[in-house]
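For reference, the chains in residue letters:
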There are 6 protein chains.
Amino acid sequence: MFSMQRINPKDTSYDDAKMIIGGIPFDGTVCYRPGTRFGPKHIRNEFYALETYSPFLDLDLMDYDVFDIGDMDLPIGDTPLVIDTIYNAASKLIKDNKVPFFLGGEHLVSFPCIKAAFEKYADLYVIHLDAHTDTRDIYFGNKLSHANIIRRCWDFLGDNRIYQFGIRSGSRDEFYWSLKDNHTIMRKFDLGGLSLLPDKLKDKSVYVTVDLDVLDPSIFPGTGTPEAGGITYKEIEELFLVMGKLNIVGADIVELSPDYDTSGVSTAVAAKVLREMMLSIVKNK
Amino acid sequence: MFSMQRINPKDTSYDDAKMIIGGIPFDGTVCYRPGTRFGPKHIRNEFYALETYSPFLDLDLMDYDVFDIGDMDLPIGDTPLVIDTIYNAASKLIKDNKVPFFLGGEHLVSFPCIKAAFEKYADLYVIHLDAHTDTRDIYFGNKLSHANIIRRCWDFLGDNRIYQFGIRSGSRDEFYWSLKDNHTIMRKFDLGGLSLLPDKLKDKSVYVTVDLDVLDPSIFPGTGTPEAGGITYKEIEELFLVMGKLNIVGADIVELSPDYDTSGVSTAVAAKVLREMMLSIVKNK
Amino acid sequence: MFSMQRINPKDTSYDDAKMIIGGIPFDGTVCYRPGTRFGPKHIRNEFYALETYSPFLDLDLMDYDVFDIGDMDLPIGDTPLVIDTIYNAASKLIKDNKVPFFLGGEHLVSFPCIKAAFEKYADLYVIHLDAHTDTRDIYFGNKLSHANIIRRCWDFLGDNRIYQFGIRSGSRDEFYWSLKDNHTIMRKFDLGGLSLLPDKLKDKSVYVTVDLDVLDPSIFPGTGTPEAGGITYKEIEELFLVMGKLNIVGADIVELSPDYDTSGVSTAVAAKVLREMMLSIVKNK
Amino acid sequence: MFSMQRINPKDTSYDDAKMIIGGIPFDGTVCYRPGTRFGPKHIRNEFYALETYSPFLDLDLMDYDVFDIGDMDLPIGDTPLVIDTIYNAASKLIKDNKVPFFLGGEHLVSFPCIKAAFEKYADLYVIHLDAHTDTRDIYFGNKLSHANIIRRCWDFLGDNRIYQFGIRSGSRDEFYWSLKDNHTIMRKFDLGGLSLLPDKLKDKSVYVTVDLDVLDPSIFPGTGTPEAGGITYKEIEELFLVMGKLNIVGADIVELSPDYDTSGVSTAVAAKVLREMMLSIVKNK
Amino acid sequence: MFSMQRINPKDTSYDDAKMIIGGIPFDGTVCYRPGTRFGPKHIRNEFYALETYSPFLDLDLMDYDVFDIGDMDLPIGDTPLVIDTIYNAASKLIKDNKVPFFLGGEHLVSFPCIKAAFEKYADLYVIHLDAHTDTRDIYFGNKLSHANIIRRCWDFLGDNRIYQFGIRSGSRDEFYWSLKDNHTIMRKFDLGGLSLLPDKLKDKSVYVTVDLDVLDPSIFPGTGTPEAGGITYKEIEELFLVMGKLNIVGADIVELSPDYDTSGVSTAVAAKVLREMMLSIVKNK
Amino acid sequence: MFSMQRINPKDTSYDDAKMIIGGIPFDGTVCYRPGTRFGPKHIRNEFYALETYSPFLDLDLMDYDVFDIGDMDLPIGDTPLVIDTIYNAASKLIKDNKVPFFLGGEHLVSFPCIKAAFEKYADLYVIHLDAHTDTRDIYFGNKLSHANIIRRCWDFLGDNRIYQFGIRSGSRDEFYWSLKDNHTIMRKFDLGGLSLLPDKLKDKSVYVTVDLDVLDPSIFPGTGTPEAGGITYKEIEELFLVMGKLNIVGADIVELSPDYDTSGVSTAVAAKVLREMMLSIVKNK
């Protein structure tokens, strides 16, 4: 009569599941309360109440096997150790031939996940939706922060491997750095060109990282640095179609900071994006 | 020097009025506070401060006779009795040759209103704007809930009488049920085809029920189940034009849950939708 | 590395546990969102972050065996069936010789729990902390609502069995009804006389039901009907001392409506009351 | 079946009523939205849901005749004209031998009401509860503002007529001005000495003006200038007992700014203070 | 190691600066707290954290000289004196050959600024973005309010000088008044025709006043009178391009009421609009 | 006519001032938005609007010389470097014979300030008000966090030098550690014994660090980890009296997290505590 809440509506086990959902409640802060570390819990609460059927994709989660392994326990205040812990967890999932889907947390959590994916899939490409460039080399003396996650991925991925969309904020240096040698292939402001990727990346391994602040703050106010001029929910639906035509080996959604949106809309949006991305991936597995 | 607040700007009496505004503060809950039962009061507060002139329609409420009869007193906790009470009130208004315009409350309140209208107007068609299908037969063992209001109307209206717009959430069964035998004519995601209705429904009686969550949560966060991917306010303005070309015999707006939007924008939107819908109807009466 | 959140800090199993924590996310409403049904989830989230040690009681939860069985799945909209479902679950726990501790939900959920306890413990007394009398016989035509939960318990417990504290709101009839024949022993406004109960109820079985709105709205604003003039947190600490001297066979805390307190303080208070009450009970088991 | 909401639970008419409730939704601002002008509407909404019986006073509003005449329509932006309009309305009520009870609005609205009372009752004394002195002569070049309402009343009442309680903020000059010649009899921080007033003011006419920010911000955060160190709700209950022993000829409660307290507690407190003050007055009329 | 926050990222002095930023924290209210008077402080707080580079304009504030002179000290409660004070300050800046950029405050603050500009630049044109007409002659007996700021400018500018965009609320009289003799050139609902102004106003002096409520409440809820149907952030970007082709002699943004948007998005939008408008102006100076 | 906001009401310079106010906007997080780093700005905004006169102390800030040097610029994400930077700034102030008064920020910022004070004043004692022990040695593998600030001070201060008040949360080990050898002199739950300190610490140097969460969450909800059962504002006033009898060489207030209290009360409380503490210190200098 009682039940613990699960993100997967079916009674799938870890072994049977193709896709594993895991929360990474990290926001790099030593204090207990604010921020994106509450993201995974809030997304779960909302996801549980959501329909399993997507009218947009005409797919139903009840037809697929996913498993929610809960949230990571992370050492507070020691960022390098946090990164290691996430990396080990992601590596384990990928070695087990799972498609991991991580719920952030701040954007930095994507770095060890992408690194773990790259070590298995040498042909890895990254699709990155974000309002911010995230390509600083050093940020306030720091090489590991939410502001240089993409730069750290470039360190091992190299040029021509990172597709950025929706970017509308950063320093001048960052924007010019991307242009040089195709460090990243950046599309400013919207998702233009996204629909060409299934052709370009055919037979490649792809990791998708979505900083939810790529959405306009009108529909996603619950994030740390809201940036006007973002894409609408209807625009991001193109991503779900594109993902359905790619070989996705990992994905994440990050930067929901639920306490900043007392209406709960941001969390509802995150949960819906999660469902659509999950369906886009698992239908091919 | 003092005055009680009225939704009609002129001193129209019940007898002189063509249109009657009434609140149905029901959300089916035994506890006092949360939810849509606060909708009518909040809409009135906001409506009172709104201009009476619509630049979009170039019409002014000061030119028409409407009367606000206040809110219904409803027995808490006994849903069937609530439905009966609403039904009797709506029947009385319709027998008095009024066009009733109800302010919800949850969507279930539309059911007895549409039933009362159907008993007078055998040629009744329903235009239904909503994010959700609302066509479950049984919902958690229940035949009378906000999740099956449209199904209950179909019970007596039959096929081909219900036009649904903006639908973007529901179970797979509900979506397929609508398709079968034109149980309902459903337009997913937007208002496509709405402008064709004046031709199709010429000389018919029409009831319009607007679940305000058809609007995108970016502009209408103050509702129980916000669902991303909705229509904008500019898109819903097409409804006002279409209504002006139809024979509207009743209407309602439901599902404003004002406490969930501390900015007050959702209530302001509801009040403006009310003004535009009222003008679209009364200009023909 | 990942873990599902548990309310018990140790890895106790159901079989080993003396006390079972269970959520009853019911607020009697047909619509998804508002109200006390979100209470259990929010209390869990907060409880997880709380210290296990109580400086006030000098006791630590790590020393005791408790088990969290999660939340009940309840049929929406059919109150009698909900009551039955809760009753069956509570009866099962009590038959298994567990001390159940329920997290509401609205106050009505206490009724089937107390009834289940009474059927095993014929000498059952109830200690009831609340801002409201809750002793109406009929409330808006309804015999089963949050406004008559205590009256329904009196139906089977009879006179002299219910101790009420902190009461400061109700109809005149309710207050006078309590006085007659000691229907209930009511203390208005505060906890005066509570410390005498260990003597009076020595060797009796006791169920404690705490409507958290007994606390002053200054410290507990997140509830459906806040009522000024309540007790402080330091005053309610007397309850924890008294409970430690009684034979408690069941308990609950109800009426947290977390969305009404965006600061999160109400939820933090509920979690702390839960810890102190748990410790007061389990130290004797 | 429908009804307009009334603050009086019985169907009393203006003519039959001893006490008249009227809202003065003024906060001196040219813009539509923020502030205390929303006070009367919010208090009404809450009052309507409140029990009519007071356990503290053991009195029930159903036994008395009060009438709610609604809110005043006030010219925006022209403070002197607003003051005149309030004055005329208050004078009319007092000439009709009513006891007026006004709901603010900002504190300045009390000035014309007290003036109108003084013109009928030459022996008028004022009891003033507030966090702030409100006795500046000129405030930013202004003689008529919420910061000098009490000074303006002193202009016509003179020394020894104004009893102030709970004062804990103001300029040094104001505090010293009060001391001089008993301009006002000021009690700082609490209600000490209030219980002596029934003896002192026997056979006198008394007007009671309560700036609700006299309450501690913990229980009344919804006000313009919250000032820590205020009185609790239980402390203000002494006022209700004292009022029951005085000849009250008018009263008001002011400075609820409901939008600043999203929990709704401040409004609930204001409604309860209103009920207790009403009962304290009408039981003698 | 410590520093006072400045809106200009470089250490420009007043004398070196082309553009001067100044706050006008006026909302015409006698009470301390609510409203647009908090606009300047909140915009500064947010602006400080914003990138100095605009990807949309490909310009960086680090390349230009601007100076922030802080906020005006204004006499509370005496509107004519406030207007004079603003007028004198604006005149001084303009005489010093600065381009002033004011941060409101309510819209009325634009009137003395535009007047000061007109006295130096006889060929002054005004571009006015707003949801509201603001062209009432008398508003509740008042000639100087946020509702007639544009009418007061017309008094001295005359016909054909004021371009209005985005207007979607006002009285019928106001809309018809604009039409007559081109009192103002009004574009309802959107920015249609804005791109033609560089041709029309070549060699003219232009003042741009942006009531931020021209934006849709979905992206800008934090304002006094939110009005659905506004323009998106991407639409307002056209203004920045157009301004870059005009001779701007002064500008302002008004009507941010930050407390009404607890998510902080409205303030973030205001700060970004400020940056883009600043860059559009200073690149030509 | 324009002015930058200052925390000192007089035009005191750094050289003339006895007391220096400085903000330390650090909350140890790599992301921009949430938390206590917004504390200093919010306190300043509120302080600016506060009366300079304290009725409780009968002292006026206008009579004393204080200087506000603004907020520190801190390197994000590198905690050891942040600590060094604060330490250097505090040392400079103390060497200049100033009494520094710091505005946090999280509690960790007190550590380098107390260390700097200890290096000048070998007889330093610390008075510590807090809800939490803060005496962990290692917290999640970390020796420098808000949870071990007091333990790090003990490292150099040694036994018998730290007086703790109001403590009501921590691990069992921490509470027992304090007892041992008088590591700290801890008073649980309230300020009992505080009034004895002027005798005990006569002729000693004293640093006062106030974690504002020592206050009950009813009056101070805007903090990271609200803990019920705290002291009231009237209780903390005893601290101001005691401080007036001690030789205070430095002080701070920390842990205001303003975004968690949308009513603004927490910030108003912090500003008032700041004024009273400032007056208690400067009256002796």
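Refer to the structure presented above.
Here the structure is a predicted model, which means the values were calculated and not measured.

About the criteria used
- Residues numbered from 1 in each chain as written.
- Chains lettered and ligands numbered in written order.
- Predicted model: local features only at pLDDT ≥ 70, side-chain atom pairs only at ≥ 80, totals over all residues.
- Heavy atoms only, no water.
- Buried < 20%, exposed > 50% of the residue type's maximum accessible area, 1.4 Å probe, protein only.
- Helix = DSSP H or I, 4+ residues; strand = E, 2+ residues; numbered from the N terminus.
- Pairing = 2+ DSSP bridges.
- Right-handed = clockwise from strand over helix to strand, strands pointing away.
- Arc of directions from axis to C-beta.
- Contact = heavy atoms within 4.5 Å.
- Least-squares fit on C-alpha atoms with pLDDT ≥ 70 in both.
- Axes fitted to C-alpha atoms, helices over the stretch in contact; angles between N-to-C directions.
- Parallel < 35°, antiparallel > 145°, perpendicular 65-115°, else oblique.
- Left-handed = near helix turned anticlockwise from the far one by under 90°.

Draft legend 1. Local environment of the pairing of strand β8 (residues 162-167) of chain F. Residue and element names in this part refer to chain F. With six of its six residues buried, β8 lies for the most part within the structure. Note: β8 against strand β9 (residues 185-188), four bridges, orientation parallel. Bridge pairing in β9 places I167 opposite K188. For the crossover that starts at β8, traverses helix α5 (residues 172-179) and ends in the parallel β9, the hand is right-handed.

Draft legend 2. Looking closely at helix α5 (residues 172-179) of chain E. Taken together, the buried positions of α5 of chain E are E174, F175, W177 and S178 of chain E. Seen end-on, α5 of chain E carries its buried residues on one side only, within an arc spanning 160°. Exposed residues on α5 of chain E whose side chains face more than 90 degrees from its buried face are D173 and L179 of chain E. The inward-facing, buried residues of α5 of chain E contact β3 (53-54) of chain B together with α4 (149-157), β8 (162-167) and β9 (185-188) of chain E. Taken from the residues just after α5 of chain E, D181 of chain E is the one with a positive phi, measuring 55°.

Draft legend 3. Molecular detail of the relation of the copies chain A and chain E. With an RMSD of 0.0 Å, the fit of chain A onto chain E corresponds to turning through 120° and sliding 0.0 Å along the axis. What we have between these two chains is a three-fold relation. For chain A, the minimum C-alpha distance to the rotation axis belongs to S218 of chain A and amounts to 2.9 Å. Comparing interface residues between copies, only 9% of those in chain A also sit at the interface in chain E, which points to a heterologous contact through distinct surfaces.

Draft legend 4. Region of interest: the pairing of strand β7 (residues 124-129) of chain E. All names here are of chain E. In terms of burial, β7 is a largely internal element, six of the six residues being buried. Of the two faces of β7, the one lined by L124, V126 and H128 and the one lined by Y125, I127 and L129 are each fully buried. Of the strand pairs in this sheet, β7 and strand β10 (residues 205-211) are connected by six bridges, and their pairing is parallel. By the bridge assignment, L124 is partnered in β10 with S205. Both β7 and β8 contribute to a ladder of four bridges, which runs parallel.

Draft legend 5. Summary view of the packing of helix α2 (residues 79-95) of chain E against helix α3 (residues 110-120) of chain E. Residue and element names in this part refer to chain E. Taken N-terminus to C-terminus, the directions of α2 and α3 make an angle of 40°; their axes are 8 Å apart at the nearest point. Classified by the interaxial angle, the pair formed by α2 and α3 is oblique. Judged by the sense of rotation from one axis to the other, the crossing of α2 with α3 is right-handed. Residues I83, I86, Y87, A90, S91, I94 and K95 of α2 form the contact with α3, whose own contacting residues are F111, P112, C113, K115, A116, A117, E119 and K120.

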